[in-house]
Amino acid sequence: MSEQPPERGAIYLEWWRANHRDHGGDAATFARLRRCASPDQALVHSVTMQLVDRMSVRSKRQAAIAGAIAIVLAHVREHQEDRIFPRQLGLLTADQPALSPLR
């Protein structure tokens, strides 16, 4: 029986942690990625290519997606494992939702 490949979310989190300044990464690395105007620009950076390798990219389209993900993850300041994203959008205060009920 073959071993299951890691889920994409786990790959992204592992890559983010390995490169984030709070976890020993270089602060300039994510700063350069944040300045990228396109996924193609992100692919020039070695850390993005590490993500490409981990994702087992097989096409130019997948490489562009990996570049876009690297740019987005470079903007993430902290990871709160106990708070899932929809819940983070949930409430600003006990009675004030972050989003209107129509959204």
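In this report, the structure presented in the accompanying data block is examined.

Quick notes on the rules
- Residues numbered from 1 in each chain as written.
- Predicted model: local features only at pLDDT ≥ 70, side-chain atom pairs only at ≥ 80, totals over all residues.
- Heavy atoms only, no water.
- Helix = DSSP H or I, 4+ residues; strand = E, 2+ residues; numbered from the N terminus.
- Buried < 20%, exposed > 50% of the residue type's maximum accessible area, 1.4 Å probe, protein only.
- Salt bridge = Lys/Arg side-chain N within 4 Å of Asp/Glu carboxyl O.
- Axes fitted to C-alpha atoms, helices over the stretch in contact; angles between N-to-C directions.
- Parallel < 35°, antiparallel > 145°, perpendicular 65-115°, else oblique.
- Left-handed = near helix turned anticlockwise from the far one by under 90°.
- Contact = heavy atoms within 4.5 Å.
- Core = buried A, V, L, I, M, F, W, Y, C linked by side-chain atoms within 4.5 Å.
- Arc of directions from axis to C-beta.
- Phe/Tyr/Trp six-rings, centres within 6.5 Å; stacked < 30°, edge-to-face > 60°.

1. Details of unusual backbone geometry
- Phi at Ser56 takes a positive value of approximately 55°, unusual for a residue other than glycine.
- Mapped onto the fold, Ser56 is located in the loop between helix H4 (46-54) and helix H5 (60-74).
- Given the relative accessible area of 43%, Ser56 is considered partly exposed.

2. Considerations on the pattern of salt bridges
- Per the stated rule, a full pass over the model turns up 1 salt bridge.
- The shortest N-O distance in the salt bridge between Glu14 and Arg54 comes to 3.7 Å. Placement of the pair is Glu14 in helix H1 (residues 8-19) and Arg54 in helix H4, with a sequence separation of 40 residues.

3. Notes on the packing of H4 against H5
- Two numbers describe how H4 lies on H5: the axes approach to 9 Å, and their chain directions differ by 125°. By the angle between their axes, H4 is oblique relative to H5. For the pair H4 and H5, the sense of crossing is right-handed. Across the interface between the two elements, Thr48, Leu51 and Val52 of H4 pack against Ala66, Gly67, Ile69 and Ala70 of H5.

4. So, the environment of Ala70
- Structurally, Ala70 can be placed in helix H5.
- Taking the relative accessible area as the measure of exposure, Ala70 reaches 0% and is therefore buried.
- Each C-alpha atom, one on Ala70 and one on Phe30, is 8.7 Å from the other, the two residues being 40 residues apart in sequence.
- If near-sequence neighbours (up to four positions away) are discounted, Ala70 is found in contact with Trp15, Leu33, Thr48 and Leu51.

5. Description of the side chain of His20
- Summarising the element assignment, His20 is placed in the loop between H1 and helix H2 (27-34).
- Setting aside residues up to four positions removed in sequence, His20 forms contacts with Gly25, Phe30, Val76 and Arg77.

6. Looking at the nonpolar core
- One finds Trp15, Phe30, Leu33, Leu51 and Met55 to be the most contacted residues of the largest nonpolar core, which totals 19 residues.
- Here this core gets 7 residues from one element, more than from any other, and that element is H5.

7. Here's the deal with H4
- All of the buried residues along H4 are Val47, Thr48, Leu51 and Val52. When H4 is viewed along its axis, its buried side chains cluster within an angular range of 155° and face the same direction. Facing away from the buried side of H4 by more than 90 degrees, the exposed set consists of Ser46 and Asp53.
- Packing partners of the buried residues in H4 comprise H1, H2, helix H3 (39-42) and H5.
- Looking one or two residues past H4, Ser56 carries a phi angle of roughly 55°, positive in sign.

8. A short note on the packing of aromatic side chains
- This structure, assessed with the given rule, holds 1 aromatic pair.
- Ring geometry for Trp15 versus Phe30: centroids 5.6 Å apart, planes at 40°, classification tilted. Pair noted here: Trp15 is in helix H1 and Phe30 is in helix H2, with a separation of 15 residues, a long-range link.
- According to the relative accessible area criterion, Trp15 is buried, its value standing at 0%.

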